Amino acid sequence: MSQPKASPLIYGAVALGAVGVIATYLAAGPQRFWANWVMWFVLVFTMGLGALFIAALEHLVNAKWSVPIRRIPERIATLLLPAIPIGLIALGALPVLYPGTRPEAAHHPILAGKAFWLSIPFFSVRTLIAFALVLVGLTVLVGGSLKQDTTRDPAFNIRARKFAPGFMAIFALVITVVAFDWVSGLTPEWYSDIFGVYIFAGAFLSGLAATALSVLYLQGQDRLSGVRGDHLYNLGGFLFAFTVFWSYIGFAQYMLMWYANMPDEVIYYKVRLAGMWRYITIALGSMHFILPFFVLVTRDAKQDPRRLRRVAFLMLAAHVLDIYWLIFPILGGKPLLGWPELSFALFFVGGILLWLRAAMEKGEDMPVGDPFLREGLEFRL
Amino acid sequence: MSAEKAYSVLGLFDTPDALMQAIPKVRAAKAGTVEAYTPYPIHGIDDALGLRRSPLGGMVLVMGVLGALTAFGFEYWISAIDYPIITGGKSPSSWEAFIPIMFEVTVLFATFTAGLGMLLLLNRLPFFGHPVLSSKSIKGITRDRFALAIEAEDESFDAAAAARILQDAGAVEVEVLPAPDRSPFLTSTYILRTLGGIFVACAVAGFGIYTLTKWFPVLRPMVNMQDQPRLNAQKASTFFKDGRGMQAPVKGTVARGYLPTATGTQDASATLVNPLPRTKEVFAVGRKAYLNRCEVCHGAVGNGVGSLTSAYGAKPANLQSQQFLDYPDGKMYWAIVNGKNAMPSHAADLTESQRWAVIHYVRALQRAQNAKDEDLKVVAP
C-alpha cells in the first residue's frame, strides 16, 4: 500500500474546480455551463462504459490472458455510478442546448417529424432506460466478480459467459442511444448512421487507456505481481488496433459526406473546418491517429511501461479533444477555451482520479476466485 | 576428426525442459551456431537461443509507407497533373478521394512484403532440401523429440567435439549430419540461370513463330476472326467508287418520325388538321413534351410566365391570350417546326406525333382557363 500523498492536491483541485463550475453558471451563462457539463458527462460515461465493455469482452470471447488484470476495468467501470447522477443533472441541458426540445422545433420541416422522439419526456425516458440497463450489466459483471473473491465459486464464470453475449447487445443499444441523443442530438438536422460506432471506438479507447494507466500505476506499487510485458503487449495491441478503428470510422463518415456534398450533411464538417476549428480538427487527427499509430507500431512500445503510459495519456487527452470537437462548435464560431473549461476539467479530472483511487481498493487486486487466473498468469505471447 | 565435412551435429532430447536447460550450456561452448528443431513452438526458446528480432516488421513498415506514398503520388499525378478533371465540384487534387486507394495499396504492399519476404528472403524458400530433413532423427523431431543442432560455421568445425558438448548437456542421442555437396539453398547463380533460361525460351519461341509466319505465309497459327468480310469504319475500301468504307446516306434520307412537314409559309399551313385523337395517352405524351420543351418559356398553364424566362424579363407568347385562342392548329404546328420570333425550331426535339400531342395539350390548357358550363357535366365512363 502506498501513501496517498497526492490527495490534498487533488482535493484542492476539485474544490477550486467546483467554485469555477458554479461561477461558470453565474458569470458565463447557462449555455456554456451546460455544454461543459454534457461534455464531461459523455466523457465519464464513455470511460466507464468502455471499461465495462472490456470486462464483458473477456467473458464473451473466453479470453484467458486478461483474467489477471480484469479487476482493473471492473473497478474503472464503477465510474458509471457517479456518471448516472451527472447524467441526471445533465438533463437540465435539454431546453438550453438541444434544438429538438424547443417549441420552434414544431414548425421546423425536419424536426417536426421527429418531435416526439426529441421531446424532453421521451429523451429523459430513453436516458433512464439506458442507465437502468447499464446498472444491470454493472451488477452482474462487476458485482458478481467482486463477490467471487470471497465465495471462490466458479459458477460466476458460467453465468458471466452466458450473460456477456446479451450484454453486448445491451451495450450496443446504450452507447448508440447515448451517442445519438446526447452528442448528435445537439445538431438534430444532421444525422449519421455510423455515429454510435464512432462514439464506441472512442469509448473503448478511453476505457483501454484508463485500464493501461491503472495497471501501470498498480504495478508501480507492486500490487500486480505476475502481470508482465506479455499482458501489457495485449493492452497496447488493443490500443493500437482501436486508434486505427477510430480513424477508419471517423474518416468513413467524413468521406461519404464530403463526396455527396449535401448541404445538410457537410455543414457539420464545414463548421469544424472553418477558422480556428480547422487547427483543432488537424490536431485531433494527429493526436488520435497519426502520433499513436507510429508510437505504438513497434513491439517494444506495447511492452515498455514508460512508452505505454505516455501513449495511454495521449489517448485520454485525444478522447477529451474528440468530445470537445463534437460538442463545442454548437456554441458558435470560435472554439471556447477559458477559465470555465479549465475549472470543469479540474473538477471532473480530479473527481475521476479521487473515485478511481478509492475504486482501486475495491476487492482483491486480481480476481483470486476465478479458476482461470493461473492460466492467465502463465500467458505468453 | 573425420575427413568428411559435417553440416551440423544434432543432439536429441526427450522433453522440452531438457532442451531448454541444455541451450545455455551448448551456447556457452561456442562451437558453432546453435539451432533448435521442435515439433511445436516452445515459449521463450527464441530468447534462450539469442535469436535476433526478425527484420520482417521493419520491412513491412517501410513497404507499407512506400505503398501509401506510391498510391498518393500516382493518384496526384493522374488527377491533378496529367489529366485534371473536376468531378462533383471537387478540386482535382482532393486528398480525401485518394485515401481509399492509398489504404488498399498500403495493405497490398505490406501483405506482399510480409508473405513473400518471410518465405523467400528470410526462410530462403524454395530450397532443394535441408540436411535435417534427410536425417535419421527427422521422424522424432516432427513427433515427440526435441533437437538441438550445432551448425558448422567454417572449416575448423569439429564434429566430434560438438557431439561431446551435446552429450555433456544431456542429449540422449547424437547424430552427425554430413554436409551436402552443394548448397541446399537457391544461389543467385541458380536464380539467374533459371530466369535467363525462361527469357531465352520466350525469345526463341516468339522470334521463331514470327519468322515462320513471315517466310511461310501458309503457316497461320490462330486465324480465328483474323479476316472478316466486312468494311470497318473509317477504313478505305475498293468496293465503292470513292474508295471509302463508310458511305453518306442517300440525299433526301429521312429518319423515321421526322418527315419534313409544314415547309411552306405559316398561313399556308393553317389548314393542317391535327391527326391525333383526344385520348388520355395522347394528352400524357403532350403534357410530358410540353413540360420538357415549352414550359420553361410559356409557363405551366401556358400564360407566358415560364419557370426560366420570367426571372429574366423576357416576354414569350401568352398562349391564353385571345390571339392564340383563335389560332388554328396548323399555324401553331408550323411555329413548333420552324420557330417564331425568339422561339427556335423544335423540329429536332419533337417527333411529328409529339408536336401534335403538344397542340392537343395546349388546347386543354386553354380550355381549363376558359371552362364552359357543359364541362361540368359528368361524363359516363
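Residues numbered from 1 in each chain as written. Chains lettered and ligands numbered in written order. Predicted model: local features only at pLDDT ≥ 70, side-chain atom pairs only at ≥ 80, totals over all residues.

**Student:** How do you make sense of the overall build of chain B when you look at a structure like this?
**Tutor:** Helix and strand counts for chain B stand at twelve helices and four strands. Rg of the C-alpha trace for chain B: 45 Å, well past the compact-globule value of 21 Å for 381 residues, more than 25% over. Overall size of chain B, expressed as C-alpha extent along the three principal axes, is 125 × 65 × 50 Å. Scored against the burial criterion, the 381 residues of chain B give a buried share of 21%. (Helix = DSSP H or I, 4+ residues; strand = E, 2+ residues; numbered from the N terminus. Rg over C-alpha atoms; globule rule 2.2 N^0.38 Å. Buried ≥ 20, exposed ≤ 12 C-beta atoms within 10 Å, placed from the backbone.)

**Student:** Help me understand the overall build of chain A in this model?
**Tutor:** The secondary structure content of chain A amounts to 16 helices and zero strands. Computed over C-alpha atoms, the radius of gyration of chain A comes to 21 Å, within 12% of the 21 Å expected from 2.2 N^0.38 for 381 residues, which places it in the range of a compact globule. The principal-axis extent of the C-alpha atoms belonging to chain A is close to 60 × 45 × 40 Å. With 381 residues in all, chain A has 41% of them scored as buried. Within chain A, contacts between residues at least 6 apart in sequence are counted, and of these 82% link residues at least 24 apart. (Contact = placed C-beta atoms within 7 Å.)

**Student:** Even after reading the chapter, I still don't get the sheet that holds strand E3 (residues 146–151) of chain B, so can you show me in this structure?
**Tutor:** Paired through backbone hydrogen bonds, the strands of a sheet run either parallel or antiparallel to each other. Residue and element names in this part refer to chain B. Read from one edge of the open sheet, four strands run E2-E3-E1-E4, paired in antiparallel fashion. Of all strands in the sheet, those bounded by a partner on one side alone are strand E2 (33–37) and strand E4 (173–178). Strand-to-strand, the axes of this sheet are offset by a mean angle of 25 degrees, without reference to chain direction. Both strand E1 (residues 6–13) and E3 contribute to a ladder of six bridges, which runs antiparallel. For Leu-10, the partnering residue across the bridge sits in E3 and is Ala-149. Across the sheet, helix H6 (residues 159–168) touches E1, E3 and E4, and the angle it forms with E1 is around 15 degrees. (Pairing = 2+ DSSP bridges. Axes fitted to C-alpha atoms, helices over the stretch in contact; angles between N-to-C directions.)

**Student:** Would you take a moment to explain the pairing of E1 of chain B for this structure?
**Tutor:** Residue and element names in this part refer to chain B. Most of E1 sits out of view: eight of its eight residues are buried. Two strands pair when backbone bridges link them, and E1 and E4 are joined in this way by six bridges, in the antiparallel orientation. Note on E4: the bridge partner recorded for Leu-12 is Glu-173.

**Student:** What is the right way to look at helix H1 (residues 7–28) of chain A in this model?
**Tutor:** A turn of α-helix holds 3.6 residues, and therefore any two residues three or four places apart point the same way. Residues and elements named next belong to chain A. The terminal C-alpha atoms of H1, which comprises 22 residues, lie 30 Å apart, in line with the 32 Å expected from a rise of 1.5 Å per residue. For H1, every residue scored as buried is listed here: Gly-17, Gly-20 and Thr-24. Considering only its buried residues, H1 is in contact with helix H2 (30–61) and helix H15 (339–359). Just downstream of H1 lies Gly-29, where phi reads positive at about 95 degrees. (Expected span 1.5 Å × (residues − 1).)

**Student:** Sorry if this is basic, but what is going on with the nonpolar core here?
**Tutor:** The nonpolar side chains of a soluble globular protein tend to be buried with one another. The biggest cluster of nonpolar side chains holds 97 residues, and the ones touching the most others in it are Val-38, Val-44, Leu-52, Leu-80, Leu-208, Leu-239 and Ile-327 of chain A. Take this core: its biggest share by element is 20 residues, from H2 of chain A. The contact partners of Leu-208 of chain A, leaving out residues within four places of it in the chain, are Gly-50, Ile-54, Leu-235, Phe-238, Leu-239 and Phe-242 of chain A. Counting residues in each nonpolar core, the second largest holds 31 residues, with Leu-10, Ala-36, Ala-163 and Leu-166 of chain B among its members. (Core = buried A, V, L, I, M, F, W, Y, C linked by C-beta atoms within 7 Å.)

**Student:** I would appreciate a short explanation of the packing of helix H8 (residues 155–183) of chain A against helix H9 (residues 195–220) of chain A in the present structure.
**Tutor:** The angle between the axes and the distance between the axes are what describe a pair of packed helices. Residue and element names in this part refer to chain A. Where H8 meets H9, the closest approach of the two axes is 8 Å, and the angle between their N-to-C directions is 105 degrees. One finds that H8 runs roughly perpendicular with respect to H9. Contacts between H8 and H9 involve Ile-175, Thr-176, Ala-179, Phe-180 and Val-183 from the former and Phe-195, Gly-196, Ile-199, Phe-200 and Ala-203 from the latter. Grouping the amino acids of the contact of H8 with H9 by side-chain chemistry returns eight nonpolar, two polar and no charged. (Parallel < 35°, antiparallel > 145°, perpendicular 65-115°, else oblique. Nonpolar A, V, L, I, M, F, W, Y, C, P; charged D, E, K, R; others polar.)

**Student:** Please clarify how the interface of chain B and chain A should be interpreted in this entry.
**Tutor:** By a frequent convention, interface size equals the accessible area lost on bringing the separate parts together. The partner chain A presents seven residues to the six residues of chain B that form the contact. Of the residues in the side of chain B that touches chain A, the class split is two nonpolar, three polar and one charged.

**Student:** Explanation requested: the confidence of the model for chain A in the structure shown.
**Tutor:** When pLDDT drops low, the exact placement of atoms in the prediction is not to be read closely. Looking at chain A, pLDDT values average 92 and 98% of them are 70 or higher. Per-element mean pLDDT across chain A ranges from 87 in helix H6 (residues 115–118) of chain A up to 96 in helix H4 (residues 80–90) of chain A. (pLDDT = per-residue confidence, 0-100.)

**Student:** What is the right way to read the packing of H9 of chain A against helix H14 (residues 305–327) of chain A from this model?
**Tutor:** All names here are of chain A. It is at 9 Å that the axes of H9 and H14 come closest, and there the two elements cross at 145 degrees. The hand of the H9/H14 crossing is left-handed. Between H9, through Gly-202, Leu-205, Ser-206, Ala-209, Ala-210, Ala-212, Leu-213, Leu-216 and Gln-219, and H14, the contact on the second element is made entirely by Pro-305, Leu-308, Arg-309, Ala-312, Met-315, Leu-316, His-319 and Asp-322. Each residue belonging to the contact of H9 with H14 can be placed in one class, and the counts come to eleven nonpolar, four polar and two charged. (Left-handed = near helix turned anticlockwise from the far one by under 90°.)

**Student:** Just checking my understanding: could you explain the environment of Ser-54 of chain B for this structure?
**Tutor:** Residue and element names in this part refer to chain B. Inspection of the secondary structure assignment puts Ser-54 in the loop between helix H2 (45–49) and helix H3 (56–82). Look at Ser-54 and you get exposed, because 12 C-beta atoms sit within 10 Å. Spatially, the C-alpha atom of Ser-54 lies 20 Å from that of Ile-23, the residues being 31 residues apart in sequence.

**Student:** Is there a simple way to think about H2 of chain A in this case?
**Tutor:** Residue and element names in this part refer to chain A. For H2, spanning 32 residues, the distance from its first C-alpha to its last is 45 Å, which sits close to the expected 46 Å at 1.5 Å a residue. When you tally the buried positions in H2, you get 27 out of 32 residues, the bulk of the element. Directly beyond the C-terminal end of H2, a positive phi value near 60 degrees is found at Asn-62.

**Student:** Please clarify how the confidence of the model for chain B should be interpreted in this entry.
**Tutor:** A residue-level look at chain B finds 96% of positions with pLDDT of 70 or above and a mean pLDDT of 88. Interface predicted TM-score (ipTM) for the complex: 0.84; the corresponding pTM is 0.74.

**Student:** Mind showing me how you'd approach unusual backbone geometry here?
**Tutor:** Of note, the bond from Leu-125 of chain B into Pro-126 of chain B is cis; its omega dihedral lies within 30 degrees of zero at -10 degrees. Topologically, Pro-126 of chain B is positioned in the loop between helix H4 (95–122) and helix H5 (138–141).

**Student:** Honestly, the environment of Phe-167 of chain A in this entry has me stumped. Any pointers?
**Tutor:** Residue and element names in this part refer to chain A. Note on placement: Phe-167 falls in helix H8. Judged by the 24 C-beta atoms lying within 10 Å of it, Phe-167 is buried. In sequence terms Phe-167 and Met-257 are 90 residues apart; their C-alpha atoms lie 32 Å from each other.

**Student:** Looking at this model, I keep getting lost on the environment of Leu-291 of chain B. Mind explaining?
**Tutor:** As for its position among the elements, Leu-291 of chain B is in helix H8 (residues 280–293). Sequence separation between Leu-291 of chain B and Ala-162 of chain B is 129 residues; the distance between their C-alpha atoms is 98 Å.

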